[in-house]
Amino acid sequence: MDTLSLLLNGFAIAFEPLNLALIIVGCTIGLFIGAMPGLGSVNGVAILLPMTFLVPPTSAIIFLGAIYYGAMYGGAISSIMLGIPGASTAVATTFDGRPMALKGQADKALIAAATASFVGGSIGVVLFTLFAPPLADLALAFGAPEIFALMLMAFATFIGLGSDDIPKTIFSIFIGLVFGAVGLDIISGEPRLIFGDIPGFYHGINFLVLAIGIYGIAEMLWVIETSKGDALMSKAEISVRRILDTLGELVRTWKTMLMGSLLGYFVGILPAAGATPGSLMAYGFAKTMAKDPETYGKGNINGVVAPECANNAASTGAMLPMLTLGIPGSPTTAILLGGMVIWGLEPGPLVFTDYPDFVWGFIASLYAANLFALLINIAFIPAFIWMLKMPFTILAPIIFVLCIVGGFVPTMDMHDVWLMLVFGIVGYFMRKLDYPMAPAVLAIVLGPLAEPALRQSLLISGGSFSIFFTRPAAGLIMAAALGLFLLPVWMIVRRKMDQRRKAS
Amino acid sequence: MRMAELVMGVVMGIFSLYLMWKSAELPIGWIPGEGPGGGAWPFWLALGMLLCCITIVIRWAKRLTPQSRSKEVYMDARAFRLFLLNAGALAAMIGLFHIVGAYGAIPLFLIFYLRYMGRHSWRLTGTFAAVTPVLMFLFFEIALQKTLPKGFTDPWFEPIFAFFY
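Residues numbered from 1 in each chain as written. Chains lettered and ligands numbered in written order. Predicted model: local features only at pLDDT ≥ 70, side-chain atom pairs only at ≥ 80, totals over all residues. Heavy atoms only, no water.

Help me understand the overall build of chain B, please; the structure alone is not making it clear to me.
Check the secondary structure of chain B and you find seven helices and two strands. Going from N to C terminus, chain B has its helices and strands arranged as α-β-β-α-α-α-α-α-α. With the C-alpha coordinates aligned to their principal axes, the bounding extent of chain B is approximately 60 × 55 × 25 Å. For chain B, long-range pairs separated by at least 24 residues make up 53% of all intrachain contacts whose partners lie at least 6 apart in sequence. In the structure as shown, chain B presents an accessible area of about 8,700 Å², 71% of it carried by carbon and sulfur atoms. (Helix = DSSP H or I, 4+ residues; strand = E, 2+ residues; numbered from the N terminus. Contact = heavy atoms within 4.5 Å. Areas by Shrake-Rupley, 256 points an atom, 1.4 Å probe, with all protein chains shown as cover.)

See the structure below:
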């Protein structure tokens with residue numbers, strides 16, 4: 001009851017004319033920044049942070065929160081339409097969103113992404129409202145062994161029940177992890193895997209470089225080859241009837257939505273995790289749980305729904321440790337935290353009691369931002385569909401240009417652009433031989449989280465791997481991960497037994 | 001296609017060996033008080049890559065994968081020409097970023113692609129080649145303050161920046 005009255009008071013603050021206008025403007029700006037390849041919520045929030053000094057702190061955080069939400073929605077747009085992840089959080093959306101667009105179902109994919117984002121964001125903000133303090137404590141109880149076990153579980157989802165060639169899938173995971181290890185060793189600080197002593201490798205391999213190379217350049221080269229240069233980008237259409245049909249189909253994905261939202265939210269609240277691992281893990285879980293895993297990567301609507309629910313739920317989850325503990329769960333929340341300090345607020349356990357108007361106004365604004373982001377997104381879908389109807393020979397060079405600029409902007413280094421081209425070309429050759437590329441992208445994201453977790457765990461245990469099995473939470477997750485790793489072996493054994501039985 | 005599967009497996013196997021050797025530049029064993037050496041993580045992962053490549057080659061020899069049974073050509077002449085044109089044009093554009101900068105390279109790439117590859121009219125080609133860099137400049141440099149490479153054209157932008165700031 002107390003929470004409800006505080007929330008109602010928050011709504012009164014969020015719906016003040018200035019704050020409402022900031023929510024709408026923030027969502028719109030965020031949508032376009034998120035849709036631009038290479039730029040994500042972190043860029044939008046960082047660039048517009050200085051502008052928030054013109055308004056009171058509550059309005060400022062509402063504005064930045066709306067940009068954050070808008071960018072989460074927007075990231076899916078270029079993933080689906082162009083096959084280039086608009087933001088790191090939308091990489092997993094490319095896996096099935098792009099094939100849907102190529103099949104003439106761009107409208108369906110865009111509506112699915114927007115609706116899933118709304119559902120994920122709503123579930124995230126409800127959990128935030130009801131269980132903020134206990135969930136923050138739970139996140140803190142997750143130590144290095146649990147985090148490593150969780151990472152292993154994510155990789156296991158791509159292997160267990162996966163319909164792809166298992167050795168090639170494992171190879172893809174390993175190569176992604178090795179690329180994630182390039183740069184400086186996190187403990188000794190020594191250079192590691194600096195190929196040819198090229199200085200550009202010192203800052204590591206930005207995973208967007210790999211993702212844009214594979215899903216932008218390699219995919220475009222593939223489409224050009226398979227269509228013999230006469231590709232039609234899409235036969236996309238949009239009508240009220242198609243929207244209603246899609247919404248009807250989305251109702252049947254409720255299990256995926258719920259799983260993606262809960263998983264995304266939980267990964268989001270873990271310090272240093274954030275929405276990108278959350279969305280990739282949700283995709284892996286959705287594929288593992290599906291009755292038709294072989295359709296994933298070929299345009300399965302659940303493959304769009306799972307990561308989009310997860311990244312929006314995670315973006316809300318990441319705000320929880322920021323507000324309650326003063327620990328940012330993602331790069332964007334780190335900037336928001338900096339903003340709070342500049343505005344004279346002190347994030348931490350007392351924030352709910354010391355600044356109730358600020359906190360509850362912000363939480364209520366997240367409900368409103370979620371709704372406005374959905375409406376603005378759906379309103380722009382016809383314009384996006386119109387763009388897709390452009391001749392391929394106009395759209396292709398624009399996509400290539402966006403790939404190049406998108407590869408340059410995150411690090412402002414031309415080395416990354418060349419590297420992206422190399423990844424694109426090698427990825428194209430590997431794709432022709434059915435090497436799955438999604439696991440490599442997952443691995444390059446999770447690698448920099450998994451390695452320190454493993455090394456810290458082994459340091460704690462003095463080099464014994466038993467630490468992953470003796471701690472209850474870690475042991476449980478490890479057992480599930482190992483079960484998933486062994487599942488393909490069990491399936492092969494069972495298939496052979498069936499064949500033998502039939503033969504006899 | 002069959003030969004390509006083998007070549008890819010072998011090339012990636014050799015690359016795995018190179019990664020193992022490169023990782024071993026840092027300690028790959030246990031360092032007392034510090035835990036696993038800095039090279040341990042990539043070394044064991046690269047070893048995993050090598051084992052996968054060996055498995056891929058064995059499966060190729062046993063003709064277990066669709067590619068290893070395929071009699072299709074990996075890349076016919078037309079596909080190769082399209083690949084060369086597209087990848088070459090991209091490489092040329094990236095190379096030109098260093099010399100004439102983004103705002104010189106992008107229009108040249110668009111002119112090549114729209115006019116030569118797409119056979120579009122000069123009017124459409126010119127419009128796209130002129131409007132795209134202007135929009136990109138306004139969005140990236142002015143709105144987001146993200147500077148794109150300008151090569152030798154850098155001084156030409158000083159009056160434009162002076163106008164905006």
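What is the right way to read the overall build of chain A from this model?
Within chain A one finds 22 helices and two strands. Long-range contacts, defined as pairs at least 24 residues apart, comprise 79% of the intrachain contacts of chain A with a sequence gap of at least 6. Accessible area of chain A: about 17,600 Å², with a carbon and sulfur share of 69%. Chain A carries 25 positive and 28 negative side-chain charges, and their two centres are separated by 16 Å. (Lys, Arg positive; Asp, Glu negative; His and termini not counted. Charge placed at Lys NZ, Arg CZ, Asp CG, Glu CD.)

What's the story with the domain arrangement of chain B in this structure? I'm lost.
Reports often express the size of an interface as the amount of accessible area lost when the parts come together. When its domains are assigned, chain B resolves into domain 1 (2-69) and domain 2 (77-164). Look at where the C-alpha atoms of domain 1 of chain B and domain 2 of chain B centre, and you get two points 39 Å apart. (Domains from an automatic or database assignment.)

Explain the environment of Val178 of chain A here, please?
Topologically, Val178 of chain A is positioned in helix α8 (residues 166-180). Taking the C-alpha atoms as reference, Val178 of chain A lies 8.6 Å from Ala443 of chain A; in sequence the two are 265 residues apart.

Looking at this model, I keep getting lost on the interface of chain A and chain B. Mind explaining?
Every contact between the two is made by 69 residues of chain A and, on the other side, 68 residues of chain B. Counting the surface lost from both chain A and chain B, the interface buries some 6,000 Å², and carbon and sulfur atoms represent 81% of this. The interface formed by chain A and chain B contains two salt bridges. Contributions of two or more residues to the side of chain A that touches chain B are made by α3 (41-48), α8, β2 (191-192), α9 (207-226), α18 (392-408), α19 (414-431) and α20 (438-461) of chain A. Along the lines of polarity and charge, the residues of the side of chain A that touches chain B split into 50 nonpolar, seven polar and 12 charged. (Buried area = accessible area lost by both parts, 1.4 Å probe. Salt bridge = Lys/Arg side-chain N within 4 Å of Asp/Glu carboxyl O. Nonpolar A, V, L, I, M, F, W, Y, C, P; charged D, E, K, R; others polar.)

Just checking my understanding: could you explain the pattern of salt bridges for this structure?
In a structure, side chains of opposite charge can pair up when their charged atoms sit close to one another. Following the criterion strictly, the structure yields 16 salt bridges over all chains and no others. Between Asp185 of chain A and Arg192 of chain A there is a salt bridge, and its shortest N-O distance comes to 3.7 Å. The same class applies to Asp185 of chain A and to Arg192 of chain A, which are both buried. Ionic contacts of the salt-bridge type, sharing partners, join the residues Asp165 and Lys168 of chain A together with Glu5 and Arg59 of chain B into one network. (Buried < 20%, exposed > 50% of the residue type's maximum accessible area, 1.4 Å probe, protein only.)

Please clarify how the packing of helix α7 (residues 144-159) of chain A against α8 of chain A should be interpreted in this entry.
Two numbers describe a pair of packed helices, the interaxial angle and the distance between the axes. Residue and element names in this part refer to chain A. The contact between α7 and α8 brings their axes to 9 Å, and the two run at 150°. The angle between the axes of α7 and α8 places the two elements in the roughly antiparallel class. In the packing of α7 onto α8, the handedness of the crossing is right-handed. Contacts between α7 and α8 pair Phe155, Phe158 and Ile159 from the former with Ile166, Thr169, Ile170, Ile173 and Leu177 from the latter. (Axes fitted to C-alpha atoms, helices over the stretch in contact; angles between N-to-C directions. Parallel < 35°, antiparallel > 145°, perpendicular 65-115°, else oblique. Left-handed = near helix turned anticlockwise from the far one by under 90°.)

Please clarify how the side chain of Asn311 of chain A should be interpreted in this entry.
Residue and element names in this part refer to chain A. Locating Asn311 in the fold gives a position in helix α13 (residues 302-317). Residue Asn311 is classed as buried on the basis of its relative accessible area, which comes to 0%. Of the polar contacts made by the side chain of Asn311, one reaches the backbone oxygen of Thr89; its length is 3.1 Å. Among all residues touching Asn311, those that are not within four sequence positions of it are Met72, Thr89, Ala90, Ala275 and Ser279. (Polar contact = N/O pair within 3.5 Å; in protein donor to acceptor, adjacent residues only side chain to side chain.)

Would you take a moment to explain the nonpolar core for this structure?
Within soluble globular proteins, side chains that are nonpolar generally end up buried alongside one another. Phe148, Phe171, Met340 and Trp343 of chain A together with Met93 and Ile106 of chain B are the most contacted members of the largest nonpolar core, which totals 227 residues. Element by element, the count of residues in this core is highest for helix α17 (residues 356-388) of chain A, at 16 residues. Each of domain 1 (2-69) and domain 2 (77-164) of chain B accounts for three or more of the residues forming this core. (Core = buried A, V, L, I, M, F, W, Y, C linked by side-chain atoms within 4.5 Å.)

Even after reading the chapter, I still don't get the packing of aromatic side chains, so can you show me in this structure?
Here the distance between the centres and the angle between the planes together describe a pair of aromatic rings. Counted according to the given criterion, the structure contains 32 aromatic pairs over all chains. Ring plane angle 50° and centroid distance 5.5 Å describe the contact between Phe11 of chain A and Tyr367 of chain A, whose orientation is recorded as tilted. Taken together, the residues span a long stretch of sequence, with Phe11 of chain A in helix α1 (residues 2-14) and Tyr367 of chain A in helix α17 at a distance of 356 residues. Using a relative accessible area of 22% as the deciding quantity, one classes Phe11 of chain A as partly exposed. Aromatic side chains Phe465 of chain A and Phe468 of chain A sit 6.3 Å apart centroid to centroid with 40° between the ring planes, which places their arrangement in the tilted category. With a relative accessible area of 1%, Phe468 of chain A lands in the buried category. Connected via pairs of aromatic rings, a cluster forms that spans Phe179, Phe195, Phe201 and Phe423 of chain A together with Phe15, Tyr18 and Trp21 of chain B. It is Arg119 of chain B that lies over the ring of Tyr116 of chain B; its NZ or CZ is 5.9 Å from the centre. (Phe/Tyr/Trp six-rings, centres within 6.5 Å; stacked < 30°, edge-to-face > 60°. Lys NZ or Arg CZ within 6 Å of the ring centre and 35° of its normal.)

Hey, could you run me through the side chain of Glu308 of chain A in this one?
Residues and elements named next belong to chain A. Among the structural elements, Glu308 can be located in helix α13. Here Glu308 is buried and forms no salt bridge, its nearest opposite-charge partner Arg98 lying at an N-O distance of 15 Å. Once residues lying within four places of it in the same chain are set aside, the contact partners of Glu308 are Met72, Ala76, Ala90, Thr93, Ala113, Ala116 and Ser117.

I tried to follow α9 of chain A on my own but got confused; where do I start?
Helical periodicity: at 3.6 residues per turn, an α-helix aligns residues three or four positions apart in one direction. Residue and element names in this part refer to chain A. The first and last C-alpha atoms of α9 sit 27 Å apart over 20 residues, in line with the 28 Å expected at 1.5 Å per residue. At Gly213, α9 is deflected by roughly 30°, the largest bend along its length. In terms of burial, α9 is a largely internal element, 18 of the 20 residues being buried. (Expected span 1.5 Å × (residues − 1). Bend = angle between axes of the 7 residues up to and from the residue.)

What's the story with unusual backbone geometry in this structure? I'm lost.
The bulk of non-glycine residues show a negative phi, and the bulk of peptide bonds are trans. In this model, Leu193 of chain A sits at a positive phi of 50°, which is unusual for a non-glycine residue. With respect to the secondary-structure elements, Leu193 of chain A resides in the loop between β2 and α9. For Arg63 of chain B, which is not glycine, the phi torsion reads 55° and is therefore positive. Inspection of the secondary structure assignment puts Arg63 of chain B in the loop between α2 (40-61) and α3 (66-69). Taking relative accessible area as the criterion, Arg63 of chain B reaches 42% and is therefore assigned partly exposed.

Can you help me understand the environment of Pro145 of chain A in this one?
All names here are of chain A. Along the chain, the position of Pro145 falls in helix α7. Judged by relative accessible area, Pro145 falls into the buried class, the value being 1%. Separated by 322 residues in sequence, Pro145 and Ile467 have C-alpha atoms that sit 6.9 Å apart.

How should a positive patch on the surface be read in this particular structure?
Taken together, the side chains of Arg495, Lys496 and Arg500 of chain A together with Lys62 of chain B define a basic patch exposed on the protein surface. Relative to the assigned elements, Lys496 of chain A resides in helix α22 (residues 472-503). (Patch = residues over 30% accessible without salt bridge, like charges linked within 9 Å, V, L, I, M, F, W, Y side chains within 5 Å.)

What is the right way to look at the packing of α8 of chain A against α2 of chain B in this model?
Running from N to C, α8 of chain A and α2 of chain B point in directions that differ by 155°, and their axes come no closer than 9 Å. With respect to α2 of chain B, the axis of α8 of chain A lies roughly antiparallel. Judged by the sense of rotation from one axis to the other, the crossing of α8 of chain A with α2 of chain B is left-handed. Of the residues in α2 of chain B, those touching α8 of chain A at Pro167, Lys168, Ile170, Phe171, Phe174, Ile175, Leu177 and Val178 of chain A are Trp41, Pro42, Leu45, Ala46, Gly48, Met49, Cys52, Cys53, Thr55, Ile56 and Arg59 of chain B. Class assignment for the residues of the contact of α8 of chain A with α2 of chain B results in 15 nonpolar, two polar and two charged.

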